[in-house]
Number of protein chains: 2
Amino acid sequence: MPQHAINPNVSVDCVIFSFNNQELEVLLIERSAGNTDKVDEIKALPGNLIYEDETLDCGAQRVLTELTGLENIFLEQVYTFGDPDRISKKHDQDWLRSIRAHPEARVITIAYTSLINKERFNLTPSSFARNAVWIKVKDVPQLGFDHNDILEKALDHLKSKIYTEPLGYELLPDRFTLAQLQKLYEAILDDKFDKRNFRRKILRTSFIVPLNEKQQGVAHKPAGLYRFDKALFHQM
Amino acid sequence: MPQHAINPNVSVDCVIFSFNNQELEVLLIERSAGNTDKVDEIKALPGNLIYEDETLDCGAQRVLTELTGLENIFLEQVYTFGDPDRISKKHDQDWLRSIRAHPEARVITIAYTSLINKERFNLTPSSFARNAVWIKVKDVPQLGFDHNDILEKALDHLKSKIYTEPLGYELLPDRFTLAQLQKLYEAILDDKFDKRNFRRKILRTSFIVPLNEKQQGVAHKPAGLYRFDKALFHQM
DNA sequence: TGGCTATGTGTAATAATTACACTAAGTTTG
DNA sequence: CAAACTTAGTGTAATTATTACACATAGCCA
């Protein structure tokens, strides 16, 4: 493997969302630093310093892959965090000393986000990620560094995007019911909608197209399945 | 003046918009590097490296003030640009060599933006800004570095913000006509609106309140003046 | 077969959007 | 000083979007 020069001042962090049919989840790693115990208990967003010769977008891809095994994820930039003290809390410093050449260097971080269907990907944590786990957004604990702020910002970003872009078709199976889609909107916007009005609105767009198939094996009237038609969407 | 350590890898650039009652303008500086001639011809956004011990927001404020004299401008982060080659074009390097300790260091930049009423501020360029000028957005020439991309992104940001926030009251005089406001919306969104519909929509919000005053000395029927009521706005 | 559960559907009232054309007020010009 | 010029200011009808609301239905299960 070739050796890359690391930029000591610039990192990327990835906020990857998924949906378990009820709630939004976010991908976190558990720090593994070798010997000490305490630092291991802290969860964080997958992130790391970039290389001198890669773009920010590529850095985000690479770091995400290295830490979690996720590959070819479409990542979008959200915001940049640069408080001079953002990595100087004691337990963060303790941990950084175990993995970085210049643990005290000031680091600004560029946050990236994506939405994926977790069923489609395997997590294979490595590098300093002892583990990679999906945690319900509502259950996210205190994270390392300023990662709770970063998550917050990514959530805001998600909320504002859902009004203009048909998000969430990456979060759902290829074939989904309108109830699933509604649950997803409700989870992202943290709100409730009227079923009839929601369906009318979705179907009016006409790039959510009905398949001639129904759910199977559910203990109630089976719902019709729909799919997202990308071609139709891009025509508009 | 105290000496500050400079972070060689992180800069900020400011995209400051103003409005001349017809068109959007953006604030650019002309590079001044002392001796050579060629490099002086290039315009750029005001921007520079940050200090190790300041936040990004503060850095943006400081750099803007140092280069243009603008003070206490509310700056908002837009996007971060980090292509490894973004500052390596020949004429950019020539100029950087004249002002930086490490002209070849990789620099990522965080773009900030703001809207101001240029009548309310004086430009007093200094540091390496030989001059600071308002240029119509439509007339912006080829800029240094990737500053045309940055301007583009800031414009997109502006367009998307105008739908949710009552932008542009900072761009207008305290007392303005609805025609001025409409022109501003048209300039930002690069579109035309129907006068009656526009007025109805604006007045429906009810935080644009009529003053009992009219324009004076215009060669046509004078328009009524309005003001933006911040208190009323924040109630919603 | 009766109960359970989530699906799927319609309508009326209200609000928002669009398209469209003429009179009015003040200044300038001849 | 009258006519011409320029921009301000106004209303309506047609269309579309939003909101609020209740009941019959399909398939499973006990």
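Residues numbered from 1 in each chain as written. Chains lettered and ligands numbered in written order. Predicted model: local features only at pLDDT ≥ 70, side-chain atom pairs only at ≥ 80, totals over all residues. Heavy atoms only, no water.

**Things to note about the protein's contact with DNA strand D**
Stage number 1. K221 of chain A together with K195, R199, H220 and G224 of chain B are the nearest of the 21 residues found near DNA strand D.
Stage number 2. Each atom of DNA strand D within 4 Å of the protein was assigned to sugar, phosphate or base; sugar and phosphate come to 37%.
Stage number 3. Take N197 of chain A: an N or O atom from its side chain is 3.1 Å from a base nitrogen of DNA strand D.
Stage number 4. Measuring from a base oxygen of DNA strand D, one finds a side-chain N or O atom of R196 of chain B at 3.3 Å.
Stage number 5. Per-element tally for the surface near DNA strand D: the top contributor is helix α5 (residues 195-205) of chain A, with five residues. (Near = heavy atom within 4 Å. Polar contact = N/O pair within 3.5 Å; in protein donor to acceptor, adjacent residues only side chain to side chain. Helix = DSSP H or I, 4+ residues; strand = E, 2+ residues; numbered from the N terminus.)

**Considering the protein's contact with DNA strand C**
Stage number 1. Taken together, 21 residues surround DNA strand C, and among them K195, R199, H220 and G224 of chain A together with V218 of chain B come closest.
Stage number 2. Between DNA strand C and R196 of chain A there is a distance of 3.3 Å, counted from a base oxygen to a side-chain nitrogen or oxygen.
Stage number 3. Interatomic distance of 2.3 Å between a side-chain N/O atom of R199 of chain A and a phosphate oxygen of DNA strand C.
Stage number 4. In terms of residue count, helix α5 (residues 195-205) of chain B provides more of the surface near DNA strand C than any other element does, five residues in total.
Stage number 5. Residue classes in the surface near DNA strand C are distributed as six nonpolar, four polar and eleven charged. (Nonpolar A, V, L, I, M, F, W, Y, C, P; charged D, E, K, R; others polar.)

**Some thoughts on the packing of helix α4 (residues 178-189) of chain B against α5 of chain B**
All names here are of chain B.
Stage number 1. Running from N to C, α4 and α5 point in directions that differ by 100 degrees, and their axes come no closer than 11 Å. Relative to α5, α4 is oriented roughly perpendicular. For the pair α4 and α5, contact is made by L178, L181, Q182 and Y185 and by K195, F198, R199, I202 and L203, respectively.
Stage number 2. Classifying every residue of the contact of α4 with α5 gives six nonpolar, one polar and two charged. (Axes fitted to C-alpha atoms, helices over the stretch in contact; angles between N-to-C directions. Parallel < 35°, antiparallel > 145°, perpendicular 65-115°, else oblique. Contact = heavy atoms within 4.5 Å.)

**Focus: the packing of aromatic side chains**
Stage number 1. Using the criterion set out here, one finds 20 aromatic pairs over all chains in the structure.
Stage number 2. A ring pair is formed by F193 of chain A and F198 of chain A, whose centres lie 6.3 Å apart and whose planes are at 20 degrees; its orientation type is stacked.
Stage number 3. Three or more aromatic residues joined by ring pairs make a cluster, and in this case those are Y169, F176, F207, F228 and F233 of chain A.
Stage number 4. Of note, R62 of chain B hangs over the ring of Y51 of chain B, and the distance from its end group to the ring centre comes to 3.6 Å. (Phe/Tyr/Trp six-rings, centres within 6.5 Å; stacked < 30°, edge-to-face > 60°. Lys NZ or Arg CZ within 6 Å of the ring centre and 35° of its normal.)

**Concerning the side chain of D13 of chain B**
Residues and elements named next belong to chain B.
Stage number 1. Looking at where D13 falls in the secondary structure, it is placed in strand β1 (residues 6-19).
Stage number 2. You can call D13 buried: its relative accessible area is 4%.
Stage number 3. Ignoring sequence-local partners within four residues, the contact set of D13 consists of L45, P46, G47, R86, T109, I110, A111, Y112, H147 and I150. (Buried < 20%, exposed > 50% of the residue type's maximum accessible area, 1.4 Å probe, protein only.)

**Remarks on the interface of chain A and chain B**
It is common to report an interface's size as the accessible area lost on association of the parts.
Stage number 1. The partner chain B presents 21 residues to the 21 residues of chain A that form the contact.
Stage number 2. Taken together, both faces of the contact between chain A and chain B bury some 1,500 Å²; the carbon and sulfur share is 53%.
Stage number 3. By the criterion of area lost to chain B, the three top residues of chain A are N9, Q77 and R106 of chain A, representing 32% of everything that side buries.
Stage number 4. At the boundary of chain A with chain B, the tally comes to zero salt bridges.
Stage number 5. On inspection of chain A and its partner chain B, the count reaches nine residue pairs in polar contact (both at pLDDT 80 or more).
Stage number 6. Its residues assigned to classes, the side of chain A that touches chain B shows ten nonpolar, six polar and five charged. (Buried area = accessible area lost by both parts, 1.4 Å probe. Salt bridge = Lys/Arg side-chain N within 4 Å of Asp/Glu carboxyl O.)

**A few points about the relation of the copies chain A and chain B**
Stage number 1. Its rotation angle being 180 degrees, the transformation that places chain A on chain B also includes 0.0 Å of axial translation and leaves an RMSD of 0.0 Å. Read as a symmetry element, the transformation amounts to a two-fold axis.
Stage number 2. When the interface residues of chain A are mapped onto chain B, 100% of them are again interface residues, pointing to one common binding face. (Least-squares fit on C-alpha atoms with pLDDT ≥ 70 in both.)

**Some words on the environment of C58 of chain B**
Stage number 1. Relative to the elements of secondary structure, C58 of chain B occurs in helix α1 (residues 56-68).
Stage number 2. For the pair formed by C58 of chain B and L75 of chain B, sequence separation is 17 residues and the distance between their alpha carbons is 9.4 Å.

**Considering the domain arrangement of chain A**
Residues and elements named next belong to chain A.
Stage number 1. Split into domains, chain A comes out as domain 1 (6-162) and domain 2 (178-234).
Stage number 2. Each of domain 1 and domain 2 was reduced to a C-alpha centroid, and the two centroids are 31 Å apart.
Stage number 3. Facing nine residues of domain 1, the contacting portion of domain 2 comprises eight residues.
Stage number 4. Scanning the region where domain 1 abuts domain 2 turns up one salt bridge.
Stage number 5. With a shortest N-O distance of 3.8 Å, K138 and D190 are connected by a salt bridge.
Stage number 6. For the pair domain 1 and domain 2, the number of links is one residue pair in polar contact (both at pLDDT 80 or more).
Stage number 7. Split into classes, the residues belonging to the side of domain 1 that touches domain 2 amount to four nonpolar, two polar and three charged. (Domains from an automatic or database assignment.)

**What to know about the pattern of salt bridges**
All names here are of chain A.
Stage number 1. Counting across every chain of the model gives 34 salt bridges over all chains.
Stage number 2. With a shortest N-O distance of 3.2 Å, E66 and R62 are connected by a salt bridge. Taken together, the positions of E66 and R62, both in helix α1 (residues 56-68) and four residues apart, correspond to about one turn of that helix.
Stage number 3. Here E66 falls in the partly exposed class, since its relative accessible area comes to 29%.
Stage number 4. Look at R62 and you get buried, because its relative accessible area is 15%.
Stage number 5. Here K90 and D94 are joined by a salt bridge, their closest N and O atoms 2.7 Å apart. Here D94 and K90 lie together in helix α2 (residues 90-99), a separation of four residues that amounts to about one turn.
Stage number 6. Through salt bridges that share partners, D13, R86 and D146 make up one connected network.

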